[in-house]
Amino acid sequence: MKLQLNGAPIEVQVTTLADLLDAEGFGEAKVATAVNGAFVPAAARAGQQLSDGDSVEVLAPMQGG
């Protein structure tokens with residue numbers, strides 16, 4: 001399946017957002033996720049199905065002030 005991950009094209013064999021995070025090395029990292037511009041909370045990632053051409057954003061929180 002071809003996806004956009006943080007703006008870069010990738011090809012992966014996954015079906016859910018949780019699978020993608022594991023495959024791309026995010027594992028249990030504290031990150032925010034969105035699919036096609038819609039926020040996906042951590043509890044919903046295992047049920048968030050991905051389709052060919054989806055755009056996924058994974059953002060790590062930043063500290064500072």
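Residues numbered from 1 in each chain as written. Predicted model: local features only at pLDDT ≥ 70, side-chain atom pairs only at ≥ 80, totals over all residues. Heavy atoms only, no water.

Enquirer: What is the right way to look at unusual backbone geometry in this model?
Expert: What is expected of a backbone is that most residues other than glycine have negative phi and most peptide bonds are trans. Even without a glycine there, the phi angle at Asn6 is positive, about 50°. The residue Asn6 is located in the loop between strand S1 (2-5) and strand S2 (8-11) in this model. (Helix = DSSP H or I, 4+ residues; strand = E, 2+ residues; numbered from the N terminus.)

Enquirer: Looking at this structure, how should I read the sheet that holds S1?
Expert: Sheet strands pair via backbone hydrogen bonds, and the direction of the pair is either parallel or antiparallel. Overall, mixed pairing links the five strands, which are arranged S2-S1-S5-S3-S4 in an open sheet. Strand pairing shows two members of the sheet lacking a second neighbour, S2 and strand S4 (38-40), which therefore form its edges. Taken over all neighbouring pairs, the strand axes of this sheet differ in orientation by 30° on average, direction set aside. With four bridges connecting them, S1 and S2 associate as antiparallel partners. Each residue of the ladder has a partner; that of Gln4, found in S2, is Pro9. (Pairing = 2+ DSSP bridges. Axes fitted to C-alpha atoms, helices over the stretch in contact; angles between N-to-C directions.)

Enquirer: I would appreciate a short explanation of the environment of Ser51 in the present structure.
Expert: Among the secondary structure elements, Ser51 is positioned in the loop between S4 and strand S5 (55-59). For Ser51, a relative accessible area of 42% gives the class partly exposed. For the pair Ser51 and Thr15, spaced 36 residues apart in sequence, the C-alpha to C-alpha distance is 7.6 Å. Ser51 has contacts with Met1, Lys2 and Leu3, leaving out every residue within four places of it along the chain. (Buried < 20%, exposed > 50% of the residue type's maximum accessible area, 1.4 Å probe, protein only. Contact = heavy atoms within 4.5 Å.)

Enquirer: Which parts of the structure should I look at to understand the pairing of strand S3 (residues 32-35)?
Expert: Along a regular strand, successive side chains alternate from one face of the sheet to the other. Pairing geometry for S3 and S5, over four bridges, is antiparallel. Looking across to S5, one finds that Ala32 is bridged to Leu59. Judged from the three bridges that link them, S3 and S4 form a sheet pairing that is antiparallel. Counted as the bridge partner of Thr33 is Val40 from S4. The loop that links S3 with its antiparallel partner S4 comprises two residues; one of these, Asn36, has a positive phi angle of about 50°.

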